[in-house]
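# Commentary on secondary and tertiary structure
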Amino acid sequence: MSTVRLVMAREPIPAGPKIFLAGPTSDKSAPVPSWRPEAARLLARQWTGEQLLTVLSPESRHGERAECYEDLRLGDRRPRWRHGDSLLDSP
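Quantities reported herein were computed from a predicted structural model and do not represent experimental measurements.

### Looking at the confidence of the model for the protein
Across the protein, pLDDT averages 75, with 65% of residues at or above 70. Taken element by element, the predicted model of the protein shows its lowest mean pLDDT in helix α2 (residues 78-81) (50) and its highest in strand β3 (residues 53-56) (92). Throughout residues 71-78 the model reports pLDDT below 50, and contacts reaching past four residues in sequence, or to other chains, amount to six contacts.

### Quick notes on helix α1 (residues 36-46)
Buried residues of α1: R36, A39, A40 and L43, and no others. For α1, the angular spread of the buried residues around the axis is 100°, confining them to a single face.

### Re the pairing of β3
Both faces of β3 are covered, namely the face carrying L53 and V55 and the face carrying T54 and L56. Pairing geometry for strand β2 (residues 18-22) and β3, over three bridges, is parallel. By the bridge assignment for β3, I19 is matched with V55.

### Things to note about the pattern of salt bridges
According to the stated counting rule, one finds three salt bridges in the structure shown. Close ionic contact of E11 with R61 constitutes a salt bridge, the shortest N to O distance being 2.6 Å. Highlighted residues: E11 in the loop between β1 (4-7) and β2 and R61 in the loop between β3 and α2, separated in sequence by 50 residues. Classification of R61 as partly exposed rests on a relative accessible area of 33%. As a salt-bridge pair, E38 and R41 come within 3.0 Å of each other at their nearest N and O atoms. Taken as a pair, E38 and R41 lie in helix α1 at a separation of three residues, close to a single helical turn.

### Points about the nonpolar core
If you look at the biggest cluster of nonpolar residues, it comprises eight residues: V4, I19, L21, A39, A40, L43, L53 and V55. If you list the elements that add at least two residues to this core, you get β2, α1 and β3. With three residues, the top contributor of residues to this core is α1. Residues within four places of A40 in sequence aside, it is in contact with V4, L6 and V55.

Thresholds applied
- The residue numbers shown here count from 1 along each chain, following its written sequence.
- For this predicted model, a pLDDT threshold of at least 70 governs which residues receive local features, and a threshold of 80 or more governs which side-chain atom pairs are given and counted, while totals over whole chains, interfaces and linings are taken from all residues.
- Hydrogens and water molecules were not included; the side-chain quantities draw on all heavy atoms of the structure.
- Residue-level confidence of the predictor is summarised by pLDDT, bounded by 0 at the bottom and 100 at the top.
- Under the DSSP-based scheme used, a helix requires at least four consecutive residues in state H or I and a strand at least two consecutive residues in state E, with every element numbered from the N terminus.
- Contact definition: two residues touch when any of their heavy atoms are within 4.5 Å.
- Relative accessibility decides the category of a residue: with a 1.4 Å probe and only protein chains considered, values under 20% of the type maximum give buried, values over 50% give exposed, and everything between is partly exposed.
- Throughout, the arc means that of the directions going from the helix axis to the C-beta atoms.
- Strands pair, by our definition, only if DSSP identifies at least two bridges between them.
- By definition, a salt bridge exists where a carboxyl oxygen of Asp or Glu is found within 4 Å of a side-chain nitrogen of Lys or Arg.
- To form a nonpolar core, buried Ala, Val, Leu, Ile, Met, Phe, Trp, Tyr and Cys residues must be joined to one another through side-chain atoms within 4.5 Å.

Written out as structure tokens, the structure reads:
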């Protein structure tokens, strides 16, 4: 049984404990593999809570990328941040 459920951008956010994976996201101009899937795997190995942990990612499912993320305002991601019980940021 999985201990972690990965919820991507624009997907419904379920009840229960959550963590938001904040941090850099590459765009189409300089694509690099996302660090978030590995972070979710590491969280799954460490999670010992009784409930399923929801990991919130600001990225879209199926590798869809924006043309440019630098133009996004803080408010574009804030709605997902407020749903997280914790915030994990990558430098």
